[in-house]
Amino acid sequence: MSPAQSDATLPEHRLIVPVAAAGTRLDQALAKLLSQHSRSRLQAWIETGQVRVDGVVITVPRYRLRGGEMLRVIEAAAVHGGNAAAQPIPLSIVHEDATLLVVDKPAGLVVHPGSGNRDGTLLNALLHHLPPLAALPRAGIVHRLDKDTSGLMVVAKTPEAQTDLVRQLAARTVRREYVALVHGDLVRATIIDAPIGRHPRERTSMAVVATGKPARTHVDVVLRFGVATLLHCRLETGRTHQIRVHLTAIGHPLVGDPTYRGRRGANIAMPPTLRSFARQALHARRLGLVHPQSRATMQWDAPVPEDMAVLIDALHSAQSAGQVR
């Protein structure tokens, strides 16, 4: 909690535990009584002393209730990016209403501040565009794209919307489709179902490992150039670097991806147009979800950015001239 925010200035809830909830864990009871907030947020409030049961601070989420207790919950100041500053960074806004914001993130823009990227991030840009987002965890960001991946991201503008979107992502009902250009000739559509976890030796990278979390990617072939293939990929799960890791695992790493290029990307003879591409050729082209407030099904599309479009056109031209196959 910042010095400027005392208990008196933070939202507060006073609730009575239903008798039928006897024997229920504190965090489970709160999840039903305050369903607009996520379980993880409620657990964090319990652990930081923001919840009192009959006047006593309880810091154990699994504390068992007997039913009939009076709960006092003070909404802790959100962990929204520490002292992140609002910065006038341009945003390409695809959609905005009172509940959510959809942006087309350019390649090169980091999503969250972190080591080596204290500012100049999407979070800094969001705080400048809409200062009230400072009251939300991570300024309303509910998912991420890698720095050098371009495309669509949704941002919540209210706590209720953020909780709802997180739940949609967990339920795998958010539709996320990507355009990817990979090395080699991928002949047919495939589904890659392989668990992803931390690389056993390179700890800053991910890999397909037996002990990893389940991960599933649907891959459709759009155009074949011989030396490269244009794909549409749909995420069923959302693991870190999922598309990059999965495509490398089947021998078709993304063009321009130095981290996951594998032996094929490192050694294959390729035209200069592919070798000189400066980032992973991956773009989040489509995003579909249920609107948190209206419950309407919504979908947005973002065209392939200029650098990828130029690369694809160059491959078309080279193929027509018989220079690639």
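Scroll up to find the structure this text is about.
Just so we're clear, the structure is a prediction, and the values are computed from it rather than from any experiment.

Caption draft 1: View of the pairing of strand E14 (residues 282–290). In terms of burial, E14 is a largely internal element, seven of the nine residues being buried. As defined by bridge partners, strand E8 (residues 175–183) adjoins E14 across six bridges and the pair is classed as antiparallel. Bridging from a neighbouring strand, valine 179 pairs with histidine 283 of E14. For E14 and strand E15 (residues 297–301), the ladder comprises five bridges, and the chain directions are antiparallel.

Caption draft 2: Structural detail: the sheet that holds strand E3 (residues 56–57). Strands sit in the order E1-E4-E2-E3 across an open sheet of four strands; the sheet is antiparallel. Looking at the sheet topology across the chains shown, the edges are occupied by strand E1 (12–16) and E3. Sheet topology places strand E2 (residues 51–53) next to strand E4 (residues 70–74); three bridges connect them, and they run antiparallel. Across the sheet, residue valine 51 finds its bridge partner in E4, namely valine 73. Across the sheet, helix H1 (residues 26–33) is in contact with E1, E2 and E4; its angle to E4 comes to roughly 75°.

Caption draft 3: Just helix H4 (residues 159–170), in detail. Compared with an ideal rise of 1.5 Å per residue, which puts twelve residues at 16 Å, H4 spans 17 Å between its outermost C-alpha atoms and is within 8% of the ideal. Buried within H4 we find Ala161, Gln162, Thr163, Asp164, Leu165, Gln168 and Leu169. Those residues of H4 hidden inside the fold are in contact with helix H2 (39–47), strand E7 (150–156), E8 and E14. In the segment just after H4, arginine 172 is the residue with positive phi, at about 65°.

Caption draft 4: Structural view of the pairing of E8. With respect to burial, E8 is a largely interior element, eight of its nine residues being buried. Where E8 meets strand E13 (residues 228–235), eight bridges bridge the pair, whose relative direction is antiparallel. Paired with histidine 183 across the strands is alanine 228, a residue of E13.

Criteria and cut-off values
Residues numbered from 1 in each chain as written. Predicted model: local features only at pLDDT ≥ 70, side-chain atom pairs only at ≥ 80, totals over all residues. Heavy atoms only, no water. Buried < 20%, exposed > 50% of the residue type's maximum accessible area, 1.4 Å probe, protein only. Helix = DSSP H or I, 4+ residues; strand = E, 2+ residues; numbered from the N terminus. Pairing = 2+ DSSP bridges. Contact = heavy atoms within 4.5 Å. Axes fitted to C-alpha atoms, helices over the stretch in contact; angles between N-to-C directions. Expected span 1.5 Å × (residues − 1).

Structural measurements only, silent on function.
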